[in-house]
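Structural overview for review
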Amino acid sequence: MVSIVMPAYNEASIIETSLTRVHQYMETLKHDFNWEMVVVNDGSVDNTGELAERFAAKHDNVRVYHHATNFGLGQAFRL
């Protein structure tokens with residue numbers, strides 16, 4: 001199992017494009033290994049979290065976690 005962790009902070013303008021591109025690429029590798037995408041919305045004050053949740057609702061292998069406040073990049077990887 002390969003986990004792609006994608007921290008996000010106020011990324012509303014690009015989150016959908018970023019998630020789509022990574023997801024499309026990983027789909028080309030699905031015959032080689034199982035994978036998942038984990039989006040960590042790190043206290044965004046825009047609608048990054050909502051957009052990530054909408055994307056995840058359409059893809060079984062995408063999960064979204066939300067931090068109430070911004071903890072920074074390092075904490076996003078610790079979940």
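This write-up is about the structure you can find in this document.

Scoring rules and cut-offs
- Residues numbered from 1 in each chain as written.
- Predicted model: local features only at pLDDT ≥ 70, side-chain atom pairs only at ≥ 80, totals over all residues.
- Heavy atoms only, no water.
- Buried < 20%, exposed > 50% of the residue type's maximum accessible area, 1.4 Å probe, protein only.
- Helix = DSSP H or I, 4+ residues; strand = E, 2+ residues; numbered from the N terminus.
- Arc of directions from axis to C-beta.
- Core = buried A, V, L, I, M, F, W, Y, C linked by side-chain atoms within 4.5 Å.
- Contact = heavy atoms within 4.5 Å.
- Pairing = 2+ DSSP bridges.
- Axes fitted to C-alpha atoms, helices over the stretch in contact; angles between N-to-C directions.
- Polar contact = N/O pair within 3.5 Å; in protein donor to acceptor, adjacent residues only side chain to side chain.
- Salt bridge = Lys/Arg side-chain N within 4 Å of Asp/Glu carboxyl O.

A few words on helix α2 (residues 48–57). Those residues of α2 that sit buried are T48, G49, L51, A52, F55 and A56. Angularly, the buried residues of α2 cover 165° about the axis, an arc narrow enough to put them on a single face. The outward face of α2, more than 90 degrees from its buried face, is lined by the exposed residues E50 and A57.

Turning our eyes to something else, we now look at the nonpolar core. Ranked by internal contacts, the top residues of the largest apolar core, which has 16 residues, are I15, L19, M37, V39, A52, V62 and V64. Among the secondary structure elements, those contributing two or more residues to this core are β1 (2–8), α1 (15–27), β2 (35–42), α2 and β3 (62–67). Of the residues forming this core, the biggest block, four residues, is contributed by α2. Not counting residues within four places of it along the chain, the set of residues in contact with L19 comprises M6, M37, V39, A52 and F55.

Here we have three strands laid out as an open sheet, ordered β1-β2-β3, and parallel in their pairing. A strand with exactly one partner marks an edge of an open sheet, and here the two such strands are β1 and β3. Looking at each pair of strands side by side, their axes are set apart by 20° on average, direction ignored. Across six bridges, the pairing between β2 and β3 is parallel. When the sheet's bridge partners are listed, M37 is paired in β3 with V62.

Secondary-structure assignment places H23 in helix α1. Looking at H23, its side chain comes within polar contact range of the side chain of N61, at 3.3 Å. Excluding residues that lie within four positions of it along the chain, H23 makes contacts with W35, M37, F55, H59, N61 and V62.

Applying the stated criterion across every chain, the model contains two salt bridges. Taking the shortest distance from any N to any O, the salt bridge between E27 and K30 comes out at 3.3 Å.

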